[in-house]
Amino acid sequence: MLRVAVSGAIISASFVAFQSSASAAEFTGCRYAGNANSLKWANLTTRYEYSNPAQVAIAAWNSASTHFNFTNVNSGANLNVADQNFGQYVEGAAIDGLTSWRCSSGYYTETVTSSWNRYYTDGYPGIERKSVIVHEIGHALGLGDIEGSACVIMNGATPTRYGACGLSEPQPTDIARANSLY
Ligand SMILES: [Zn+2]
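Every chain begins its residue count from 1, and numbering advances along the sequence as written. For a predicted model such as this one, the threshold for reporting local features is a pLDDT of at least 70, and the threshold for listing and counting side-chain atom pairs is 80 or more; totals across whole chains, interfaces and linings nevertheless cover every residue. Hydrogen atoms and water are omitted, and side-chain values are computed over all heavy atoms in the structure.

It is worth spelling out unusual backbone geometry at this point. Non-glycine residue Glu91 carries a positive phi angle of around 50 degrees. Note on conventions: DSSP H or I runs of at least 4 residues are helices, E runs of at least 2 residues are strands, and numbering of each starts at the N terminus. With respect to the helices and strands, the residue Glu91 is situated in the loop between strand E5 (79–84) and strand E6 (95–101). Accessibility here uses a 1.4 Å probe with only protein chains present; expressed as a share of the type maximum, an area under 20% marks a residue as buried, one over 50% as exposed, and anything in between as partly exposed. The exposure class assigned to Glu91 is exposed, which follows from its relative accessible area of 56%. Within the chain, Ser105 stands out as a residue other than glycine whose phi angle is a positive 55 degrees. Note that Ser105 resides in the loop between strand E7 (103–104) and strand E8 (107–108).

And the structure:
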């Protein structure tokens with residue numbers, strides 16, 4: 001996980017390359033307050049190649065076994081999903097997705113944003129784009145990165161999570177971990 005302060009916000013990311021210096025933690029330390037079954041998300045993507053995986057990624061987390069649910073809205077969202085070109089490096093790291101937030105006493109103080117980095121993801125197939133944004137939404141829920149070879153959606157390295165493991169859906173371990181927060 002890349003954890004840096006950007007104008008007071010914290011960002012967590014999905015890595016294009018293995019990142020040995022990344023700090024891993026089971027949880028990010030911030031989450032949604034209140035009733036997690038009435039969370040709202042806004043699809044701020046610019047085109048179908050991103051709006052479709054955004055929708056299926058939200059649906060993947062909105063499974064019957066989760067303790068939270070996102071409803072699509074046009075304004076007043078708890079989570080924005082967006083696509084943007086952040087360039088080759090963010091704070092020196094090659095990342096294909098990132099999530100940014102502001103936190104106080106363990107809870108978000110404003111809308112969280114999960115984004116693709118189009119510098120990389122414009123060249124990904126749709127299923128790999130889904131893998132990246134399902135991972136990023138996991139950060140929005142409060143999950144940290146898992147390092148090593150574990151086949152979980154919160155594995156921070158796309159070459160492992162998607163490349164080696166072939167994952168684009170939250171796994172039972174990811175869901176149990178997220179449910180523990182809500
Ligand atoms: Zn991550």
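When a carboxyl oxygen of Asp or Glu is within 4 Å of a side-chain nitrogen of Lys or Arg, the pair counts as a salt bridge. Evaluated as defined, the whole model comprises seven salt bridges. The residue Glu49 makes a salt bridge to Arg47 at a minimum N-O spacing of 3.9 Å. Of the charged contacts in the structure, one is a salt bridge between Arg102 and Glu110, with a shortest N-O distance of 3.3 Å. When salt bridges that share partners are traced, they join Arg47, Glu49, Asp83, Arg118 and Asp122 into one network.

Turning next to the nonpolar core. Residue types Ala, Val, Leu, Ile, Met, Phe, Trp, Tyr and Cys, when buried and joined through side-chain atoms within 4.5 Å, form a set referred to as a nonpolar core. Core analysis: the biggest nonpolar cluster contains 37 residues, and Tyr32, Trp61, Phe68, Phe70, Leu79 and Ile137 have the highest contact counts within it. In terms of residues, this core owes the most to one element, helix H3 (residues 126–141), which gives six residues. Setting aside its immediate chain neighbours within four residues, Leu79 contacts Tyr32, Lys40, Trp41, Ala42, Ile58, Phe70, Thr111, Val112, Ser114, Ile137 and Ala140. Grouped together as the second largest cluster of nonpolar side chains are seven residues, Val90, Ala93, Ile95 and Leu98 included. Two residues qualify as a contact provided that any one of their heavy atoms is within 4.5 Å of a heavy atom in the partner residue.

Quick look at the pairing of strand E3 (residues 39–43) now. Alignment of E3 against strand E4 (residues 70–72), held across three bridges, turns out to be parallel. Across the sheet, residue Trp41 finds its bridge partner in E4, namely Asn72. Handedness of a crossover is defined as follows: with both strands directed away from the viewer, a clockwise route from the first strand across the helix to the second makes it right-handed. This β-α-β element, E3 to helix H1 (residues 48–61) to E4, shows right-handed connectivity. Whether two strands pair depends on DSSP finding at least two bridges between them. Two elements, E3 and E5, share three bridges in a ladder whose sense is parallel. Bridge pairing in E5 places Ala42 opposite Asn80.

We now examine the packing of aromatic side chains. Two measures describe an aromatic ring pair: the distance that separates the ring centres and the angle between the ring planes. For this analysis, a ring pair means two rings from Phe, Tyr or Trp (six-membered ring only for Trp) whose centres lie within 6.5 Å, classed as stacked if their planes differ by under 30 degrees, edge-to-face if by over 60, and tilted for the remaining angles. Counting across every chain of the model gives seven aromatic pairs. Considering the side-chain rings of Trp101 and Tyr108, the 6.2 Å spacing of their centres and the 70 degrees angle between planes classify their relative orientation as edge-to-face. On the basis of relative accessibility, which here comes to 3%, the residue Trp101 falls in the buried class. Through a chain of ring-to-ring contacts, the aromatic side chains of Tyr32, Phe70, Trp101 and Tyr108 assemble into a single cluster. The rule is short: NZ of Lys or CZ of Arg within 6 Å of the ring centre and within 35 degrees of the ring normal puts a charge over the ring. Directly above the ring of Tyr50 sits Arg129, whose terminal nitrogen or CZ lies 5.0 Å from the centroid.

Next up on the list: H3. To estimate how far a helix should reach, multiply one less than its number of residues by 1.5 Å. Here H3 contains 16 residues, and its C-alpha end-to-end distance of 22 Å stays within 8% of the 22 Å for a straight helix at 1.5 Å per residue. Downstream of H3 by one or two residues, Gly142 has phi in the positive range, about 115 degrees.

Let us look at the state of the cysteines. The bond known as a disulfide is covalent and runs between the sulfur atoms of two cysteines. For the purposes of this analysis, a disulfide is any pair of cysteine sulfur atoms at a distance within 2.5 Å. Enumeration according to the criterion identifies two disulfides in this entry. The residue that forms a disulfide with Cys30 is Cys103, at a sulfur-sulfur distance of 2.1 Å. Since a negative S-S torsion denotes a left-handed disulfide, the Cys30-Cys103 link at about 100 degrees is right-handed. Residue Cys30 is located in the loop between strand E2 (9–15) and E3, and its partner Cys103 is located in strand E7; the two are separated by 73 residues in the primary sequence. On the accessibility criterion, Cys103 (35% relative accessible area) is partly exposed. A sulfur-sulfur separation of 2.1 Å characterises the disulfide bridge that pairs Cys151 with Cys165. Judged by the sign of its S-S torsion, about -80 degrees, the bond between Cys151 and Cys165 is left-handed. A residue pair is termed long-range when its members are at least 10 positions apart, and Cys151 in the loop between H3 and helix H4 (158–164) and Cys165 in the loop between H4 and helix H5 (172–179) qualify at 14 residues. Judged by relative accessible area, which is 18%, Cys165 ranks as buried. Once the bonded cysteines of the protein are numbered in order along the sequence, the disulfide links fall as 1-2, 3-4.

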